Structures are given as structure tokens and as C-alpha cells.
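Observations on the three-dimensional arrangement
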Amino acid sequence: MSYEYKNNLKVKNLKNNNNMKTLKSIMLGLALLVIGTAAKATNKIEGDNLTKNYAINTYIDAMTRGKMQGFNEVVDQSAKFSMLRGTKVLSFTKTEVVDLLKANKNTEQDCITSTSIVESNNDLAVVKVDMKYSTFTRSNYVTVTNTGSGWKITNVYSVFK
């Protein structure tokens, strides 16, 4: 341990003190632990963030803004997407829809979007999502189901007016 003299008084030199180095190391470790814990706390557990509203908002973001974040999680693996085009019904799987959305990622649709609840209970909700373009309206009837591990989209039926 070394000493320094100030105003004729003997004072410990803290710069070379091993105790100070240890204290700095401990404080740095604690700071990293707190930061790491806080960062991990912001991540949502899958079932906790899969609410009805989250599923519908994620669907709207994907369809109208090309935002894919969370879309794969809110759509059930067995989901069916159907579209009435004239007198013909086209059906798509989750994989086909995800691939289409990825190909058009971050593409903003020129439409006004509105939602209305058709039916809602503890197990199922049907939400009508209207995408109004200048010359037509696409109405999507989105079924979200409480799967036990959160609310997921299980069916989307689209019609054009």
C-alpha cells in the first residue's frame, strides 16, 4: 500500500489500492447483471403477448404495411386463408401467405383500414378488417382462437366489393 502526503498529512493513495480495484470489479459485475436482467425482462413470453388485439394488430401491420414482426407467431400452423374472387374461391396455407408477405416486405398499401368485431367470447373472436382502396374494398373476416398458448389466427376469409 502506498501513501501520499497532502498538507503534511499522510493519506492512502487509492489509485494503487487492491481493495478499490476489487470494489470496481464488483460494481462493474453488478451493473452488467442489472443491465442484462433488465434487457431480458423486456422480452415477452410467447403466451403472454398473444392477445386478441395483438393478433389482429399484427395481422393488419403485415397486410397493410408489410411489417412481418410477430406475424408467424400469431398465425396458427393450420390456419387457412380463403379469398372469393368473382365466383371462385382461392385457398392458401400459412406458408404461402408468409412467403407472399416476405416477397412484399415493407410495402405500404394505399388503403384506409378499419376494424369491427363480428363476434367475441372467451374462446373465439371474428373481426372484420376492411381495407378501403380508391376503387374497391377488401373485407377480411379474421378468426382468432384461444389456443391455450395464446390467441392465434386460425382462419381468414377475404371478399372484394
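In this report, we go over the structure that sits alongside the text. Because the structure is predicted, anything quoted here is derived from the model rather than measured. (Residues numbered from 1 in each chain as written. Predicted model: local features only at pLDDT ≥ 70, side-chain atom pairs only at ≥ 80, totals over all residues. Heavy atoms only, no water.)

Secondary structure assignment for the protein yields five helices and eight strands. For the protein, the sequential pattern of α-helices and β-strands runs β-β-α-α-α-α-β-β-α-β-β-β-β. Residues classed as buried in the protein amount to 30% of the 161 residues present. Sequence-distant contacts, at least 24 apart, represent 41% of the contacts inside the protein between residues at least 6 apart. (Helix = DSSP H or I, 4+ residues; strand = E, 2+ residues; numbered from the N terminus. Buried < 20%, exposed > 50% of the residue type's maximum accessible area, 1.4 Å probe, protein only. Contact = heavy atoms within 4.5 Å.)

On to unusual backbone geometry. If you check the backbone angles, Asn106 has positive phi at about 60 degrees while not being a glycine. You can see Asn106 is positioned in the loop between α5 (94-103) and β5 (112-120). Asn106 gets classed as partly exposed once you look at its relative accessible area, which sits at 49%.

Attention shifts here to the packing of aromatic side chains. A complete count under the given rule lists two aromatic pairs for this structure. With centroids separated by 4.7 Å and ring planes inclined at 20 degrees, the aromatic side chains of Tyr133 and Phe136 adopt a geometry described as stacked. With a relative accessible area of 32%, Phe136 lands in the partly exposed category. Ring geometry for Phe136 versus Phe160: centroids 6.0 Å apart, planes at 50 degrees, classification tilted. With Phe136 in the loop between β6 (124-132) and β7 (137-146) and Phe160 in strand β8 (residues 151-160), the pair connects residues that are 24 residues apart, well separated along the chain. Ring-pair connections join several aromatic residues into one group, and the members of that group are Tyr133, Phe136 and Phe160. Above the face of the Phe160 ring, Arg85 is positioned so that its terminal group lies 5.3 Å from the ring centre. (Phe/Tyr/Trp six-rings, centres within 6.5 Å; stacked < 30°, edge-to-face > 60°. Lys NZ or Arg CZ within 6 Å of the ring centre and 35° of its normal.)

A separate point is the sheet that holds β6. The six strands are arranged β4-β3-β8-β7-β6-β5 in an open sheet whose pairing can be described as mixed. Because the sheet does not close on itself, it has two edges, and the strands there are β4 (88-93) and β5. Adjacent strand axes in the sheet meet at a mean angle of 20 degrees when their direction is disregarded. Along the sheet, α5 contacts β3 (75-85) and β4; its crossing angle with β4, the most-contacted strand, is approximately 85 degrees. (Pairing = 2+ DSSP bridges. Axes fitted to C-alpha atoms, helices over the stretch in contact; angles between N-to-C directions.)

Time to look at α5. Here α5 has its buried residues at Lys94, Val97, Val98 and Leu101. Each buried residue of α5 lies within a common arc of 100 degrees when the element is viewed along its axis, so the set occupies one face. The outward face of α5, more than 90 degrees from its buried face, is lined by the exposed residues Leu100 and Ala103. Here the buried face of α5 lies against α3 (52-65), α4 (71-74), β3 and β4. (Arc of directions from axis to C-beta.)

So, about the environment of Gly66. Relative to the assigned elements, Gly66 resides in the loop between α3 and α4. Judged by its relative accessible area of 3%, Gly66 is buried. As for Gly66 and Leu101, which are separated by 35 residues in sequence, their C-alpha atoms are 6.5 Å apart. Apart from residues lying up to four places away in sequence, Gly66 is in contact with Asp61, Asn104, Lys105, Asn106 and Thr107.

Moving on: the pairing of β7. Of all 10 residues in β7, seven are buried, a share of seventy percent or more. Bridge analysis of β6 against β7 gives nine bridges, and the strand direction is antiparallel. When the bridges of β7 are listed, Ala125 appears paired with Val144. From the end of β6 to the start of β7, which pair antiparallel, there are four residues. When β7 meets β8, the two strands line up antiparallel, connected through nine bridges. Across the sheet, the residue bridging to Asn140 is Ser158, located in β8. With antiparallel pairing between neighbouring strands as the criterion, β7 and β8 make up a hairpin whose turn holds four residues, including Gly148 at a positive phi of roughly 95 degrees.

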